[in-house]
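This is what each chain is made of:
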Amino acid sequence: MERPSERVDGGEFARRLLSPLSGRDVTRFLAAEGRKLAAEPFAPGDFSVDLYVPRRQPEAGYGLLVFVPPMDEFAIPSDWKRVLEQRGLLLVMPRGAGNDADVFGRRIPAVLHAEAFAASTYRLDPGRRYVGGFSGGARLAQRVALAWPDVFQGSLQFAGSVLVGENLMPPPARELFDQARRQGRFVLVSGGQDMPNRRNDALARERFQALCFAGVRSFGPARLDHWVPDARGFAKALDRLEAPAQASPDIETCERDLDAAVARALDGVQARLDAGEVIAARDALVALDDRYGGLAAPRSLDLARAIEAALSARAR
């Protein structure tokens, strides 16, 4: 790749990937040392990709699947190629983006660089851009799809998922979150014999539903352990990924209830602060920030400043 993605920007990373309080704290910490949040330095040749390009380009342009394996190199299953051909879906895999690489410094930038490479080299259908992965790569794909719903329409996750609001995956800023939950598709696929990931997928789907996501789908290919599915399972997963998100009839009620829950949690922090329980207020705010992220801003940031002022006054 000769040119990096313009989306790889430290300030934008903080806004999309970190909770409001974490982003503010990381930015302040690095600024005190004269640094800022940034990806690893890019130079031509630093990033390379494996590609599969279908022979026939669809009239609207190729679909795109940026696929992240958990290891540095991963061979595209040979029987997937027939499915990619049938769907006009270009697959690109960044090298050197396995589980051992740094998430913020290397892995996420590699996904964005891979998308930029494909977009600058081939004619792509803007409505068919997806990110996917296997195991740790699937969890990374979920993070990227949640943070960049304006780039990727969904994530294809084989044997890996994360509960949004835990494991350092807070909901992003409100406008990004709303786009992801109303339009994004998140397909969770763990083999019928991969019980740990089947259980985790069920929990992740419950959390998605609690956050009012419209496009979450899952299934478990029979006789498959911790691995990617064959061509048939791959095609079934893509069917779910490419189908538009369909909101349930009670989606508006769900969104109102969620906003009310966030407001109650913020009110609880304020009540502790008003009662002089500053440490309890701080701890509750940190937990709230982890769980609701951008959904609690900007009020969460206002409360953080008030708590800091109260702690400073105590110290004098």
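Look above for the structure.
Model, not experiment: these values are computed from the prediction.

1. Comments concerning the pattern of salt bridges
In this structure the tally under the stated criterion is 22 salt bridges. Notably, a salt bridge pairs Asp 150 with Arg 16, separated by 2.9 Å at the nearest N-O pair. With Asp 150 in the loop between α5 (136-147) and β5 (154-158) and Arg 16 in helix α1 (residues 10-17), the pair connects residues that are 134 residues apart, well separated along the chain. Judged by relative accessible area, Asp 150 falls into the partly exposed class, the value being 40%. The salt bridge partner of Arg 24 is Asp 25, with a shortest N-O separation of 3.4 Å. Relative accessible area serves as the criterion here: at 19%, Arg 24 is assigned to the buried category. Taken together, the shared-partner salt bridges connect Arg 174, Asp 178, Arg 181, Arg 182, Glu 255 and Asp 259 into one network.

2. Some remarks on the packing of aromatic side chains
One pass over the structure, following the stated rule, counts 15 aromatic pairs. With 6.1 Å between their ring centres and 85° between their planes, Tyr 62 and Tyr 122 make a pair best called edge-to-face. Highlighted residues: Tyr 62 in strand β2 (residues 62-68) and Tyr 122 in the loop between α4 (103-121) and β4 (124-134), separated in sequence by 60 residues. Tyr 62 gets classed as buried once you look at its relative accessible area, which sits at 7%. Aromatic pair Trp 80 and Phe 158: ring centres 5.8 Å apart, planes at 55°, arrangement tilted. In this pair, Trp 80 is assigned in helix α3 (residues 80-87) and Phe 158 in strand β5, connecting sequence segments 78 residues apart. Connected via pairs of aromatic rings, a cluster forms that spans Phe 67, Phe 74, Trp 80, Phe 134, Phe 158, Trp 227 and Phe 234.

3. As for the pairing of β4
Counting buried positions over the eleven residues of β4 gives nine, a clear majority of the element. With α5 bridging β4 and its parallel neighbour β5, the resulting β-α-β unit is right-handed.

4. Considering the pairing of β2
Most of β2 is tucked away: seven of the seven residues are buried. Across the two faces of β2 the burial is the same, with Tyr 62, Leu 64, Val 66 and Val 68 and Gly 63, Leu 65 and Phe 67 all buried. Summarising the sheet, β2 and β4 pair through six bridges and their orientation is parallel. In the sheet register, Leu 64 faces β4, and the bridge partner there is Arg 129.

Parameters and conventions
- Residues numbered from 1 in each chain as written.
- Predicted model: local features only at pLDDT ≥ 70, side-chain atom pairs only at ≥ 80, totals over all residues.
- Heavy atoms only, no water.
- Salt bridge = Lys/Arg side-chain N within 4 Å of Asp/Glu carboxyl O.
- Helix = DSSP H or I, 4+ residues; strand = E, 2+ residues; numbered from the N terminus.
- Buried < 20%, exposed > 50% of the residue type's maximum accessible area, 1.4 Å probe, protein only.
- Phe/Tyr/Trp six-rings, centres within 6.5 Å; stacked < 30°, edge-to-face > 60°.
- Right-handed = clockwise from strand over helix to strand, strands pointing away.
- Pairing = 2+ DSSP bridges.

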